[in-house]
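Letter by letter, the chains look like this.
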Amino acid sequence: MTVAAMELVNLKKSIGNKDIIKGLSFSINRGEVFGFIGPNGAGKTTTIRMMVGLINISEGDVLIQGHSIKKDFKQAVREVGAIVENPEMYPFMTGWQNLKHYARMMPGVTEERMLKVVKLMGMEKAIKEKVGKYSLGMRQRLGIAQALLHKPSILILDEPTNGLDPAGIREMRAHIRHLAREENVAVIVSSHLLSEIEQMCDRIGVIKNGEMVTLQQVGAQDNDNLVHQLTVTPITKAKQFIQEEFALQVVEQDGILSFHCKKEQMPAVIKSLVENNCSIYEANVVNGTLEDQFFELIGENTIE
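Calculation criteria
- Residues numbered from 1 in each chain as written.
- Predicted model: local features only at pLDDT ≥ 70, side-chain atom pairs only at ≥ 80, totals over all residues.
- Heavy atoms only, no water.
- UniProt positions renumbered as here; feature names shortened; annotations may be inferred.
- Helix = DSSP H or I, 4+ residues; strand = E, 2+ residues; numbered from the N terminus.
- Lys, Arg positive; Asp, Glu negative; His and termini not counted.
- Charge placed at Lys NZ, Arg CZ, Asp CG, Glu CD.
- Contact = heavy atoms within 4.5 Å.
- Phe/Tyr/Trp six-rings, centres within 6.5 Å; stacked < 30°, edge-to-face > 60°.
- Buried < 20%, exposed > 50% of the residue type's maximum accessible area, 1.4 Å probe, protein only.
- Pairing = 2+ DSSP bridges.
- Axes fitted to C-alpha atoms, helices over the stretch in contact; angles between N-to-C directions.
- Salt bridge = Lys/Arg side-chain N within 4 Å of Asp/Glu carboxyl O.
- Expected span 1.5 Å × (residues − 1).
- Core = buried A, V, L, I, M, F, W, Y, C linked by side-chain atoms within 4.5 Å.

Looking at an unreviewed UniProt entry, one finds the protein chain named ABC-2 type transport system ATP-binding protein and attributed to Virgibacillus chiguensis. Note on the protein chain: under the UniProt heading Sequence similarities (unreviewed entry), the record states "Belongs to the ABC transporter superfamily."

Asker: I'm lost on the overall build of the protein chain in this one. Help?
Answerer: The secondary structure content of the protein chain amounts to 10 helices and 14 strands. Referenced to the eigenvectors of the C-alpha coordinate spread, the extents of the protein chain come out at roughly 80 × 50 × 35 Å. Positive and negative charge centroids in the protein chain, built from 34 and 37 side chains respectively, lie 9 Å apart.

Asker: Help me understand the environment of T161 in this model?
Answerer: By the element assignment, T161 lies in the loop between β7 (154–158) and α6 (166–182). Residues T161 and V77, spaced 84 residues apart in sequence, show a C-alpha to C-alpha distance of 25 Å. Residues contacting T161, with those up to four places away along its chain left out, are I169, M172, S191, L193 and M200.

Asker: Help me out: how do you make sense of the packing of aromatic side chains in this one?
Answerer: Ring pairs (aromatic) are described by centroid distance and by the angle formed between their planes. Under the counting rule described, the total for this entry stands at 5 aromatic pairs. On the basis of an interplanar angle of 40° and a centroid distance of 6.2 Å, the ring pair of F26 and F36 is categorised as tilted. Of this pair, F26 sits in strand β2 (residues 18–28) while F36 sits in strand β3 (residues 33–37); the two residues are 10 residues apart in sequence, bridging distant segments of the chain. Residue F26 is classed as buried on the basis of its relative accessible area, which comes to 6%. On the basis of relative accessibility, which here comes to 0%, the residue F36 falls in the buried class.

Asker: Is there a simple way to think about the sheet that holds strand β8 (residues 186–190) in this case?
Answerer: Pairing between sheet strands relies on hydrogen bonds along the backbone, with the strands arranged either parallel or antiparallel. What the 6 strands build is an open sheet, ordered β6-β7-β8-β3-β9-β10; its pairing is mixed. The strands lining the two open edges of the sheet, one partner per strand, are β6 (80–83) and β10 (211–217). Ignoring strand direction, the axes of neighbouring strands in this sheet form an average angle of 20°. The pairing of β3 with β8 spans 3 bridges and is parallel. Opposite G35, over in β8, you have V189 as the bridge partner.

Asker: Would you mind going over the pattern of salt bridges with me for this structure?
Answerer: Side chains that differ in sign of charge can pair as their charged atoms come close. Using the criterion set out here, one finds 6 salt bridges in the structure. Note that E32 is salt-bridged to R203, the shortest N-O span being 2.7 Å. With E32 in the loop between β2 and β3 and R203 in strand β9 (residues 203–208), this pair connects stretches of sequence that are 171 residues apart. The same class applies to E32 and to R203, which are both buried. In the salt-bridge network here, residues are joined through shared partners; they are R113, K116 and E183.

Asker: Looking at this structure, I do not really get helix α5 (residues 136–148). What am I missing?
Answerer: Here α5 is 13 residues long and its end C-alpha atoms lie 19 Å apart, about the 18 Å a rise of 1.5 Å per residue gives. Counting buried positions over the 13 residues of α5 gives 11, a clear majority of the element. Among all positions in α5, only G137, M138, Q140, R141, L142, G143, I144, A145, Q146, A147 and L148 are buried. As for α5, its buried residues are in contact with β6, α3 (95–103), α4 (111–120), β7 and α6.

Asker: Please explain the nonpolar core as it appears in this structure.
Answerer: Note on soluble globular proteins: their nonpolar side chains tend to be buried together. Counting residues in hydrophobic clusters, the biggest one holds 41 residues, and the most contacted among them are L99, I144, L179 and V187. Take this core: its biggest share by element is 6 residues, from α5. Residues within four places of L99 in sequence aside, it is in contact with M114, V117, V118, I127, L142, A145, Q146 and L149. A42, V62, I64 and I207 belong to the second largest nonpolar core, which has 26 residues in total.

Asker: I keep staring at the environment of L157 and nothing clicks. Help me out?
Answerer: With respect to the helices and strands, the residue L157 is situated in strand β7. Remark: the alpha-carbon pair of L157 and G35, spanning 122 residues in sequence, is separated by 9.8 Å. Beyond its immediate stretch of four places on either side in the chain, L157 contacts I83, I144, I176, V187, I188, V189 and S190.

Asker: Sorry, what's going on with the sheet that holds strand β13 (residues 256–261) here?
Answerer: An order of β12-β13-β11-β14 is seen for the 4 strands of this open sheet, with the pairing classed as antiparallel. The open sheet terminates on both sides in strands that have one partner only, identified here as β12 (251–253) and β14 (279–286). Sheet twist, expressed as the mean angle between neighbouring strand axes with direction ignored, is 25°. Where strand β11 (residues 226–233) lies against β14, 7 bridges are found, and the strand directions are antiparallel. In the sheet register, L230 faces β14, and the bridge partner there is A283. Across the face of the sheet, helix α8 (residues 235–246) comes into contact with β11, β12 and β13 while running at roughly 10° to β13.

Next comes the structure, spelled out in structure tokens:
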């Protein structure tokens with residue numbers, strides 16, 4: 001049986017009489033990129049801090065490669081690498097010297113391992129230059145290289161593309177996907193850029209008010225709640241008919257009717273419209289973006 005890289009078991013956090021995290025249970029596997037997002041005050045940061053033992057757990061547990069963060073902290077935390085928004089480096093030292101300085105703090109890091117993470121992050125040339133000359137994207141890459149030195153099972157990246165230009169964002173996305181495969185590491189990414197999460201991640205978890213509201217594959221459709229569009233005439237008659245006969249909320253825009261309904265329901269809708277002298281010219285299913293799904297789930301316009 002394969003052990004999950006990280007498993008949250010009924011994880012709870014209470015401060016006084018207030019429940020901040022209300023029993024989160026999910027797992028993250030090695031080799032996948034997992035996006036963790038939520039609105040302001042949802043409890044995402046609190047959850048991440050409990051994941052790595054920075055704050056106490058009120059109830060439940062976090063298992064990292066099967067090791068309890070509560071009962072076997074040292075062994076569990078050895079499996080974790082992390083990078084915050086802007087990794088701190090010594091600007092007067094080269095990238096290699098920075099890596100070497102960090103490696104001294106981690107037992108068992110060989111020069112061979114250092115060379116491997118440099119190649120993994122595409123830094124063979126830049127590693128010889130002083131960090132003070134690095135772009136933000138290159139500093140981010142060096143930060144990830146540092147976090148990978150001790151061969152962690154889990155890599156936690158907080159806003160890894162923050163402040164990067166479009167080319168830098170694309171490069172970082174490619175590196176994160178690549179290292180998840182090559183290192184077989186579970187990468188947990190938090191970001192404000194939902195379009196990036198959608199392109200970068202295999203799965204996403206959305207947290208709201210301390211509870212997981214959805215946990216799904218990126219790009220997965222909810223067949224019970226698809227958005228359908230119809231180009232039909234007469235449009236006013238068709239709209240009224242769908243609303244009254246099928247109790248669906250219909251939006252009319254630019255000569256097209258849009259509404260949510262189950263996939264299996266659409267043949268009956270179309271048949272009824274035709275039988276009532278409505279002409280259908282086109283019928284489409286619209287794949288909503290992660291951003292559309294996010295705002296539909298949380299009903300807010302800010303995320304943490």
